[in-house]
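# Observations on chain architecture
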Amino acid sequence: MRIVPFLVSAAVTTGLVYALNVSWKIGGKDAPPFGTFLSPQHGFWQNAEPANENFSADLKFPQLAGKVDVYLDDRLVPHIFAEQENDAYFVQGYLHAKFRLWQMELQTFAAGGRASEVVGPKALDHDREFRRLGMVYAAEIALKEMEKDPVIKAECDAYTNGVNAYIESLTESTLPLEYKLIGYKPEKWNNLKTCLFLKYMSYDLAARDDDFEMTNAKSYFNVDDFAKLFPLIQDSLDPIIPKGTLFEKQKVFPVAPVNVDSIYFKNKDLSFAETTKPDRDNGSNNWAVSGSKTQSGAPILCNDPHLGLNLPSLWYEVQISTPTFNAYGVSFPGAPGVIIGYNDSCAFGFTNGGRDVRDYYEIKFKDDSRQEYSFNGQWMKSKFRVDTIKIKGGKDFIDSVAYVQLGNDWCPVMFDKSFSGGRSTSNKNYAVRWKAHDASNELKIFNMLNHAKNYSDYSAAVTNLHTPGQNCVFACKNGDVAIRTQGEWPAKWNGQGDFVMPGNDSSYLWQGMIPQDEVPYQYNPERGFVSSANQKPVDDHTYPYYLGRDYPPYRGIAINRRLNSMTNITPADMMALQTDNLDIAAETIKPLIVANMKEGELNAAEKKYFDILKNWDSRNEAGSKGPTVFEQFWNYFEKAVYDDEYANAPKVVLRPFFSTLPEAILKDSAYKFLDNISTPQLETLADDITAAFKKAVVDLQKIEADGKLDWEKHKATRINHLGKLAPFSRMNLPIGGGDRSINAAKADHGPSWRMVISLTAKTEAYGVYPGGQSGNPGSKYYDSFVDQWAAGKYYSLWMMTKAEASDKRVKSKMTFSK
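Residues numbered from 1 in each chain as written. Predicted model: local features only at pLDDT ≥ 70, side-chain atom pairs only at ≥ 80, totals over all residues. Heavy atoms only, no water.

On to the overall build of the protein. When helices and strands are tallied, the protein shows 23 helices and 31 strands. Computed over its C-alpha atoms, the radius of gyration of the protein comes to 28 Å, within 12% of the 28 Å expected for a compact globule of 818 residues. For the protein, the C-alpha atoms occupy an extent of roughly 90 × 70 × 65 Å along the three principal directions. Of all 818 residues assigned to the protein, the portion counted as buried reaches 59%. Considering only contacts within the protein whose residues lie at least 6 apart along the sequence, 72% involve residues at least 24 apart. (Helix = DSSP H or I, 4+ residues; strand = E, 2+ residues; numbered from the N terminus. Rg over C-alpha atoms; globule rule 2.2 N^0.38 Å. Buried < 20%, exposed > 50% of the residue type's maximum accessible area, 1.4 Å probe, protein only. Contact = heavy atoms within 4.5 Å.)

Below, the structure written as structure tokens:
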């Protein structure tokens, strides 16, 4: 009978072996094989770092030409000292991989339309959309252009070799935690992945469009109403280049087709749209003040890019010191060099240009084979790109994407019968012309800025930036300050690209680029500062080219107002300005709201919240209740004004920009849309304000009952783990601000790196980002900067010298050699 217990034991053992080595679904999600994940030798336990871990190591790699010493300080910031420049990029790649490998790979998988390989069929629409947008196509073109440049190719080759050197050192136990959780392993890096990452940034910063939504709006509203809802000119605009500036004589003259309006009005209820869009508020603040306005007499440069808040952070802080340059700042895990920062001579930063460089064209194919398409009265041959999308736990998906030549440019037909952005199918086809598809070498700008010594070097560097276009700010120890609204911008006729255009007529194509000597810039202006905050770069009345409609004006107004009035400026003043929470839109419009509220019709509960609004100082401070009251009221007020007009509008349609309504009612208290067209009476501004406030109070009472009336509790700023893993995220951070404040902290979006650089003889530098240097949730360095960032505090940035190797701030030393 001893065989029975043996068989039972064997069966149990077999069951356990099976159970611990297969993936199970828990709560509808795939879990990793528990045996591997829980293994003491190889599982997640190995990802817990000791509190005082020493990262010191002596490493040898045959790819190196000389010696590199890396000093890791008390914040885990690496100070890289290399005898050869390209060796520094090798080590940077190694360190990026050591501390951020999963993040790097996830971002390039997402950019390349490969997320389904990791997470399964739920990512298929995303992958199809990104491939159909031409993300890989664009990266391949960029790679060819980049590798024509021997300096940039050598830089990327070294970086890639460094990443792969770390990957090759990994064992099952040292894999980053997320690989163990999701159940896959990293693959080798290559230069194409660096280009894919850079195209992902182009997507985030230069791929936002509303062409289908705007086309539907233009088709639905009459000409006068459309002009009121989507005005071309903002009365409140304080542009990057001050009003009254004279520009170079126009050299490119784009001409609109004679039948342009009739074409646009033929489009009815276009149901296409992307499954996801980049955040409309992807932007930034930057400015540089000259020594004439500072206490030290030296320029001060400031920058805070506004992007998605994630853990691990988009940024990785680093110093790179070589015989040819010495730079400090933040880098992108996935690309070499310092992106925003300073060197021994100057400082540099960026804000998003925000112009529309992505347009759609309706394509007419001869038949369902899509082999030929109509263009200028002829049938032209299409090209095809056949993509195989691998799906975890499923069959491969084959997607065939047609490419059509519009002028000299081959463009993917992003939407067709088989794909309409996750919406209902359609019989129409739309190609996308995106500037990011064009050949470019974006890494060159950062390489040259890292080496820059003066304004001439800065000017030569930034003209290499094509897409995403940026407002590039600069300051130098010799006293120069400058800004350039840099990009390779299409020269458009008035309204071109706002709407879907016919793809069978060359007169609708881009007719050239704005010449570089007509790109707006400022150099040592009389007012003593340059600045940008994603507002329209120029005054529409004096600049000859069409730049689009939708630009956020308010942060730019607030920054310029403050900088104009400030003197004797210190770095502390600039830190206070970067974290300023004034909502200038609310400050402007609140008196009109208060004046038009029918107080006599408010009950006691409503008067309580109205008193909060009246007494609010228009500052979105943590602990303030006024911002919550204003936000809830404004949401209902916009609905009261516009919902009746939009009642029968197409599903895919654009609503007016935020600035439209405040500017309209400040200018005209009898603004046409205040009247509700579905009622017999004529509603007034006072009617709409009072009705909206009463509806808002119902919500406010619930919000207060939940203990979330204070602004920071209502806004609930969070920093999500990139994999949306709640235990690895930071929730409910006590920070004020908002999308119209200089401190533009929203729920999951905001200042991703704050930097203040005073270019005194010995540079005085400060910075902070909402994350930590390590991507490992088991490390104390994973989110170690978050509380400092939320409190509006900064770290002193240490531009270390080799002579300071024994400084107490140095906690570990890594040596790299052949």
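Back to the write-up after that little detour.
This brings us to the packing of aromatic side chains. Applying the stated criterion to the full structure yields 49 aromatic pairs. Taken together, Y554, F610, W616, F630, F633, W634, F637, F658 and F693 form an aromatic cluster joined through their ring pairs. Of note, K383 hangs over the ring of W410, and the distance from its end group to the ring centre comes to 4.4 Å. Against the face of Y646 rests R655, its NZ or CZ located 4.7 Å from the ring centre. (Phe/Tyr/Trp six-rings, centres within 6.5 Å; stacked < 30°, edge-to-face > 60°. Lys NZ or Arg CZ within 6 Å of the ring centre and 35° of its normal.)

Another point: the nonpolar core. Residues V70, I80, W315, W434, L563, M574 and F816 are the most contacted members of the largest nonpolar core, which totals 171 residues. The element contributing the most residues to this core is helix 3 (residues 85-111), with 13 residues. Once residues lying within four places of it in the same chain are set aside, the contact partners of I80 are V68, D69, V70, A88, V91, Q92, L95, V318, Q319, I320 and S321. Ranked by size, the runner-up nonpolar core spans 43 residues in total, among them L602, W634, A649 and V697. (Core = buried A, V, L, I, M, F, W, Y, C linked by side-chain atoms within 4.5 Å.)

Burial within helix 5 (residues 124-133) is extensive, with eight of its 10 residues counted as buried. Here helix 5 has its buried residues at L124, D127, R128, E129, F130, R131, R132 and L133.

Consider a sheet: its strands pair through backbone hydrogen bonds, and that pairing is either parallel or antiparallel. Judged by pairing direction, the sheet is mixed, and its three strands sit side by side in the order 8-25-26 without closing on themselves. The open sheet is flanked by strand 8 (310-311) and strand 26 (730-733), the only strands paired with a single partner. Where strand 25 (residues 717-721) meets strand 26, two bridges bridge the pair, whose relative direction is antiparallel. Across the sheet, residue I719 finds its bridge partner in strand 26, namely R730. (Pairing = 2+ DSSP bridges.)

With that settled, the discussion passes to unusual backbone geometry. For the peptide bond that leads from L311 to P312, omega is -5 degrees, which places it in the cis range. Within the element layout of this structure, P312 appears in the loop between strand 8 and strand 9 (316-321). Of note, the amide linkage connecting T467 to P468 takes the cis form, showing an omega dihedral of 5 degrees. Here P468 shows up in the loop between helix 14 (455-462) and strand 20 (470-476). Even without being glycine, N568 reaches a positive phi, approximately 55 degrees. Here N568 lies in the loop between helix 15 (554-565) and helix 16 (571-578).

Here the focus is a nonpolar patch on the surface. The grouping of F384, V386 and I398 at the surface amounts to a nonpolar patch, some 270 Å² of accessible area in total. One can find F384 in strand 16 (residues 383-389). (Patch = residues over 30% accessible without salt bridge, like charges linked within 9 Å, V, L, I, M, F, W, Y side chains within 5 Å. Areas by Shrake-Rupley, 256 points an atom, 1.4 Å probe, with all protein chains shown as cover. Salt bridge = Lys/Arg side-chain N within 4 Å of Asp/Glu carboxyl O.)

For the rest of this paragraph, the subject is the packing of helix 3 against helix 7 (residues 150-169). Look at helix 3 against helix 7: their axes get within 7 Å of each other, and the N-to-C directions meet at 50 degrees. Judged by the angle between their axes, helix 3 and helix 7 are oblique. Crossing hand, helix 3 versus helix 7: right-handed. Counted together, N86, Y89, F90, Q92, G93, Y94, H96, A97, K98, L101 and M104 of helix 3 and A154, E155, A158, Y159, N161, G162, V163, A165, Y166 and I167 of helix 7 form the full contact between these two elements. A class-by-class count of the residues in the contact of helix 3 with helix 7 yields 13 nonpolar, six polar and two charged. (Axes fitted to C-alpha atoms, helices over the stretch in contact; angles between N-to-C directions. Parallel < 35°, antiparallel > 145°, perpendicular 65-115°, else oblique. Left-handed = near helix turned anticlockwise from the far one by under 90°. Nonpolar A, V, L, I, M, F, W, Y, C, P; charged D, E, K, R; others polar.)

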